[in-house]
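# An overview of the molecular structure
Residue strings, one per chain:
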Amino acid sequence: MDNHSTTPVDPRVLARMLPFFSEDFGNAASRSHAFGWKAEAAVEAAREEIAKLIGATGREIVLTSGATESDNLALTGVTDFLASKGNHVITQQTEHKAVLDTCKALEKRGVAVTYLGVDKYGRVDPQAVADAITLRTVLVSVMLANNEVGTLQPIREIGALCRARGVLFHTDAAQGVGKIPFDVEAHNVDLASLSAHKMYGPKGVGALYVRRKNPRVRLTPIIHGGGHERGMRSGTLNVPAIVGFGEAAKIAGAEMPAESSRIQALRDKLARLITAELDQVQQNGHPVERLPGNLNLSFAYVEGEALMMAMRDVAVSSGSACTSASLEPSYVLRAMGVPDELTHASIRFGLGRFNVDEEVDHVARLVVAGVKKLRAMSPLYEMAQEGIDPASVAWGAP
Ligand SMILES: *Cc1c(COP(=O)(O)O)cnc(C)c1O
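Residues numbered from 1 in each chain as written. Predicted model: local features only at pLDDT ≥ 70, side-chain atom pairs only at ≥ 80, totals over all residues. Heavy atoms only, no water.

Accessible area lost upon the coming together of the parts is a frequently used measure of interface size. Here the chain is described as being made up of domain 1 (11-252) and domain 2 (256-384). Between the C-alpha centres of domain 1 and domain 2 the distance comes to 30 Å. Its largest share of buried area at the contact with domain 2, domain 1 owes to Glu148, Val149 and Tyr200, together 31% of the area lost on that side. Seen at the junction of domain 1 and domain 2, the total is one salt bridge. The partner of Glu289 in a salt bridge is Arg123, and the shortest N-O contact between them spans 3.9 Å. Inspection of the region where domain 1 meets domain 2 yields eleven residue pairs in polar contact (both at pLDDT 80 or more). Looking at the side of domain 1 that touches domain 2, the elements with two or more residues in it are α1 (11-17), α4 (97-108) and α7 (239-277). Residue classes in the side of domain 1 that touches domain 2 are distributed as 13 nonpolar, eleven polar and eight charged. (Domains from an automatic or database assignment. Buried area = accessible area lost by both parts, 1.4 Å probe. Salt bridge = Lys/Arg side-chain N within 4 Å of Asp/Glu carboxyl O. Polar contact = N/O pair within 3.5 Å; in protein donor to acceptor, adjacent residues only side chain to side chain. Helix = DSSP H or I, 4+ residues; strand = E, 2+ residues; numbered from the N terminus. Nonpolar A, V, L, I, M, F, W, Y, C, P; charged D, E, K, R; others polar.)

The structure is reproduced here in structure tokens:
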């Protein structure tokens, strides 16, 4: 139940990929023989499927190694290309590190970056974006859906106001594409980052959507070489992975409505089973504007780490320290104003295509038992039960 970290490759995707490791191993850039032609045709078919899923055209899809690279290319490539026009970027505090750390790197190169705050649900106010735009602003980057709390951003409104002000709009759509409807025209998006492994495709492949008209977006490449991907991203294409990405996109497009409602029902059931048995559980993120598979809960008086230990056969993640590569508590929950003790007590469940009803029952049972056990050992929880606010107690020797 950690499908926001990654998803398994769908067996149908794997089946489509396999021949491209063996008999159809050609280099898609080889123009002189059938091996190359076949690989190129497969890549172009995949590109069309990826484009179709987001309402784009194949020529607007730049294939990359994943959403991290796409975010880097969008932010660095656009600010570099438009350096003579302006040097200001607007983003927000709960973006993925692929956006935030790229912005940090841009700041070292003299780009000014505004990091907008979010409300308690993790949403950025479109009016705040509008107010932050100056004559020097060249790019706004706000994600489609957050990877920790599942909150959906008002990107349609942000895209519209950017268009009206002549500022390019990029969205990191890695978590949302394939899960919720996303259309680059309807949402007024100029650049969008996608990742195959968040939508049942393979790891190490993704795409950057780059709008070709109204307006035509231009950017400076960050990887130079043989001029692949119309010069925007050189390097021999990973044909099997791209074929898999295309198949994953095709399946997502066909199955999204039914799949999203099934997953949402499982997610809601998990929430119901847990909150029916436990008090002092806080849901993090937006109650409605959220990814169908996301459930982020804080269990007051329980360490997220300890709870994960108590249910070792379940894969989830926590906003507390030590679980993430950064060894820092969740900056996303902090930006939303979640108090530190509830950040440490948070668990992120990410339900996906291959989760089934019995797993929801099993996980709910383990969570309820784990929280009850840990709270039974917690003096703070006991005090709270007796109506004493632990925050009001003067600790230490009398
Ligand atoms: C997973 C993720 C990324 C990184 O994608 P990779 O393909 O693993 O590089 C970027 N942004 C968001 C929102 C993500 O969830």
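Bringing the site of the ligand into the picture now. Around the ligand sit Gly66, Ala67, Thr68, His96, Met143, Asn147, Asp172, Ala174, Gln175, Ser195, His197 and Lys198, and those are all the residues in its vicinity. A distance of 2.6 Å separates an oxygen atom of the ligand from a polar atom in the side chain of Thr68. Side-chain polar atom of Asp172 to a nitrogen atom of the ligand: 2.6 Å apart, as the coordinates give it. Summarising the interface, the protein chains cover 88% of the accessible area of the ligand, which totals 380 Å² for the free molecule. Residue composition of the shell around the ligand, by class: three nonpolar, seven polar and two charged. (Near = heavy atom within 4 Å. Areas by Shrake-Rupley, 256 points an atom, 1.4 Å probe, with all protein chains shown as cover.)

Attention now moves to a nonpolar patch on the surface. Nonpolar side chains collect at one region of the surface, where Val9, Leu14, Leu18 and Phe21 lie side by side and expose about 360 Å² of accessible area between them. Under the relative-accessibility criterion, Phe21 is labelled exposed at 55%. (Patch = residues over 30% accessible without salt bridge, like charges linked within 9 Å, V, L, I, M, F, W, Y side chains within 5 Å. Buried < 20%, exposed > 50% of the residue type's maximum accessible area, 1.4 Å probe, protein only.)

With that out of the way, let us pick up the pattern of salt bridges. According to the stated counting rule, one finds 22 salt bridges in the structure shown. With a shortest N-O distance of 2.6 Å, Arg233 and Glu69 are connected by a salt bridge. Separated by 164 residues along the polypeptide, Arg233 in the loop between β7 (206-210) and α7 and Glu69 in helix α3 (residues 67-81) bring together distant segments of the chain. The same class applies to Arg233 as to Glu69, namely buried. Across the pair Glu277 and Lys372 runs a salt bridge whose closest N-O atoms are separated by 3.4 Å. Taken together, the residues span a long stretch of sequence, with Glu277 in helix α7 and Lys372 in helix α11 (residues 357-376) at a distance of 95 residues.

Turning our eyes to something else, we now look at α3. Its 15 residues place the ends of α3 20 Å apart at the C-alpha level, agreeing with the 21 Å of an ideal helix rising 1.5 Å per residue. Most of α3 is tucked away, with eleven of its 15 residues classed as buried. Within α3, the full set of buried residues consists of Ala67, Glu69, Ser70, Asp71, Leu73, Ala74, Leu75, Thr76, Gly77, Val78 and Thr79. (Expected span 1.5 Å × (residues − 1).)

A few words now on the sheet that holds strand β10 (residues 317-318). The four strands are arranged β8-β9-β11-β10 in an open sheet whose pairing can be described as antiparallel. In the strand order of this sheet, the two ends are held by β8 (281-283) and β10, each with one partner. Bridge count between strand β9 (residues 294-299) and strand β11 (residues 346-350): five bridges; the pairing is antiparallel. Looking at β11, one finds that Ser298 is bridged to Ser346. Sheet contacts for α7: β8, β9 and β11; angle to β9, the most-contacted strand, approximately 15 degrees. (Pairing = 2+ DSSP bridges. Contact = heavy atoms within 4.5 Å. Axes fitted to C-alpha atoms, helices over the stretch in contact; angles between N-to-C directions.)

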